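Chain by chain, the residues:
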Amino acid sequence: MFRGSSAVARGLLTENELRGPAWQRVFRDVYACTTVDLTHVLRARSAAVFVVPGAVVTGRSAAALWALDLAGPEEDVELTVPPDRPASRVLGVRVRRAALPAGQVTRRYGVPVTTAAATAVAVAANGRLDEAVVVLDRFVAARVVDLATVREAALAVTGRGCRQVRTAVALADGLAGSPQETRLRLLLHRSALPRPVAQFTVRDDSGFVARVDFAWPEERLAVEYDGLWHRDPVQFAADRHRLNRLTAAGWRVVFVTADDLRRPAELLARIAAALGVRQPVVG
């Protein structure tokens, strides 16, 4: 990443060369080699260095710097500057003015960014509640922050979205292996079904058999989210071996897909039938 005007002034490039096929424009007067993949992380770093120097990367852009793909490559970069500083207007960058406590700012990839906990609760303050829980679970599962630290950070949140943040951190458990698992867990918890145990380890006389997404150990019933990655031939063979071991241990498995989550009443009825309980009411 470099400033085009600086490269031209130093004689490293001509203006015609800068407009040539070797370089791509990132922001106004900011360029990169065309072989560089312009990820949101790269754009956020560039914006914090060249577009609004000294700004803190925040929100979904900060989440990208913490290795969570919440912001697409073309999404506006979110930066925050102190309240007494003018908010620059640059295409592709959204600048807000706010006072960020020193304890909520660190450095990552060489630029100022909100801490993982501060980023998690800031993102969770917006959008729908279930998606806020998904975000919090993803932060914890990525091991960039622990749930206790996120919950502590939530206590300090004030203003718009603070209630949602506190509700979301109470619902998060950080155990889900994917966003869909979090959505499935919330659906199960809001139903009239007995509450399952998340990430339950199944054992038999020989020892470890498998760890299942959700389980009712007394009924020896497991519920597993079946994502697209399970269709990989190698993974498919491993899954079948794992299923055979679960079956041999006396367990039954209900598989859930994305399509099932779009029909929650039918899914809950199927699980209820497997448990031998009356059909639950969707929460």
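Look above for the structure.
Residues numbered from 1 in each chain as written. Predicted model: local features only at pLDDT ≥ 70, side-chain atom pairs only at ≥ 80, totals over all residues. Heavy atoms only, no water.

Undergrad: Just checking my understanding: could you explain the overall build of the protein for this structure?
TA: The helix and strand inventory of the protein stands at twelve helices and twelve strands. Along the first, second and third principal axes, the C-alpha set of the protein runs to 75 × 45 × 35 Å. With 283 residues in all, the protein has 45% of them scored as buried. Of the contacts formed within the protein by residues at least 6 apart in sequence, a portion of 54% connects residues at least 24 apart. Summing over all exposed atoms, the protein offers an accessible surface of approximately 15,200 Å²; the carbon and sulfur share of this is 52%. Charge-centre separation for the protein: the mean point of 38 positive side chains lies 5 Å from the mean point of 29 negative side chains. (Helix = DSSP H or I, 4+ residues; strand = E, 2+ residues; numbered from the N terminus. Buried < 20%, exposed > 50% of the residue type's maximum accessible area, 1.4 Å probe, protein only. Contact = heavy atoms within 4.5 Å. Areas by Shrake-Rupley, 256 points an atom, 1.4 Å probe, with all protein chains shown as cover. Lys, Arg positive; Asp, Glu negative; His and termini not counted. Charge placed at Lys NZ, Arg CZ, Asp CG, Glu CD.)

Undergrad: I would appreciate a short explanation of the pattern of salt bridges in the present structure.
TA: Close approach of charged atoms lets side chains of opposite charge pair. Per the counting criterion, the structure on display carries 16 salt bridges. Put simply, Glu-131 and Arg-183 hold a salt bridge, and the shortest N to O gap is 2.7 Å. Taken together, the residues span a long stretch of sequence, with Glu-131 in helix α6 (residues 129-141) and Arg-183 in helix α9 (residues 179-190) at a distance of 52 residues. The network of salt bridges with shared partners includes Asp-259, Arg-262, Arg-263 and Glu-266. (Salt bridge = Lys/Arg side-chain N within 4 Å of Asp/Glu carboxyl O.)

Undergrad: What is the right way to read the sheet that holds strand β11 (residues 221-225) from this model?
TA: Strand pairing in a sheet takes place through backbone hydrogen bonds and is either antiparallel or parallel in direction. What the four strands build is an open sheet, ordered β9-β10-β11-β12; its pairing is mixed. One side of each edge strand has no neighbouring strand; the edge strands of this open sheet are β9 (197-204) and β12 (252-256). Strand-to-strand twist in this sheet, taken as the mean axis angle between neighbours without regard to direction, amounts to 45 degrees. Taken together, the seven bridges between β9 and strand β10 (residues 207-216) define a ladder with antiparallel strand orientation. By the bridge assignment for β10, Ala-198 is matched with Phe-214. Running over the sheet, α9 touches β9, β10, β11 and β12 and is turned about 60 degrees from β10. (Pairing = 2+ DSSP bridges. Axes fitted to C-alpha atoms, helices over the stretch in contact; angles between N-to-C directions.)

Undergrad: What is the right way to read the packing of aromatic side chains from this model?
TA: The relation between two aromatic rings is expressed through the spacing of the ring centres and the mutual angle of the planes. What the rule picks out here adds up to three aromatic pairs. Between Phe-2 and Tyr-31, the ring centres sit 6.2 Å apart and the planes meet at 25 degrees, which makes this aromatic pair stacked. Note that Phe-2 is positioned in strand β1 (residues 2-3) and Tyr-31 in strand β3 (residues 30-33), a separation of 29 residues in sequence. An aromatic cluster of at least three residues, connected via ring pairs, comprises Phe-2, Trp-23 and Tyr-31. (Phe/Tyr/Trp six-rings, centres within 6.5 Å; stacked < 30°, edge-to-face > 60°.)

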